[in-house]
Amino acid sequence: MQRVVLLLIGLLAQVLGIEADASQWGELGVATLFVWGSVELLRKKVFTALDGVQVHLFAGGVGVALGIAFGLGEIIAGGALDWVVFGIQATLYATFADLFGKKVGGGSGNSPAPG
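Residues numbered from 1 in each chain as written. Predicted model: local features only at pLDDT ≥ 70, side-chain atom pairs only at ≥ 80, totals over all residues. Heavy atoms only, no water.

**Regarding empty space enclosed by the protein**
Scanning all chains against the criterion turns up one cavity of 30 Å³ or more. Estimates place the volume of the largest cavity at around 100 Å³. As for the largest cavity, its lining consists of 12 residues, and the residues nearest its centre are W36, V39, A59, T95 and D98. Of all the elements in the fold, those that place two or more residues in the lining of the largest cavity are α2 (28–45), α3 (53–72) and α4 (80–104). Of the residues belonging to the lining of the largest cavity, the class tally is six nonpolar, four polar and two charged. (1 Å grid on protein atoms, 1.4 Å probe; cavity = no way out; pocket = protein on both sides within 12 Å on 5 of 7 lines; lining within 4 Å. Points joined across faces, edges and corners; volume = space filled by probe spheres on them. Helix = DSSP H or I, 4+ residues; strand = E, 2+ residues; numbered from the N terminus. Nonpolar A, V, L, I, M, F, W, Y, C, P; charged D, E, K, R; others polar.)

Here it is as structure tokens:
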């Protein structure tokens with residue numbers, strides 16, 4: 001099971017362009033990239049109708065799922081609650097980074113651009 005999870009997370013890292021070594025995936029900053037990239041990819045390609053608060057709730061679900069996957073893959077230590085908290089932390093940082101980046105860049109948060 002652990003090898004399958006590591007393989008799938010490695011494939012996700014390649015899709016998202018995350019070049020961190022597998023030993024670094026358990027760091028909160030790298031996990032934040034996984035959450036942010038996964039949400040953006042899914043939002044643009046699969047769940048195109050998500051907007052506003054729905055995006056944040058979806059990101060929470062993605063973060064928790066990635067936290068559990070990282071735990072099952074033994075990338076992070078601890079029990080199930082630790083994995084969920086790790087995923088929520090990564091989601092929180094990804095949300096802050098997304099909102100800050102769009103605010104500084106002149107974007108409109110998670111709302112689509114007018115036009």
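Let us keep going from here.
**Description of helix α1 (residues 2–16)**
When the terminal C-alpha atoms of α1 are compared, their 21 Å separation across 15 residues agrees well with the 21 Å that a helix rising 1.5 Å per residue should span. In this structure, the buried residues of α1 make contact with α2 and α3. At the exit of α1 stands G17, carrying a positive phi of roughly 80°. (Expected span 1.5 Å × (residues − 1). Contact = heavy atoms within 4.5 Å.)

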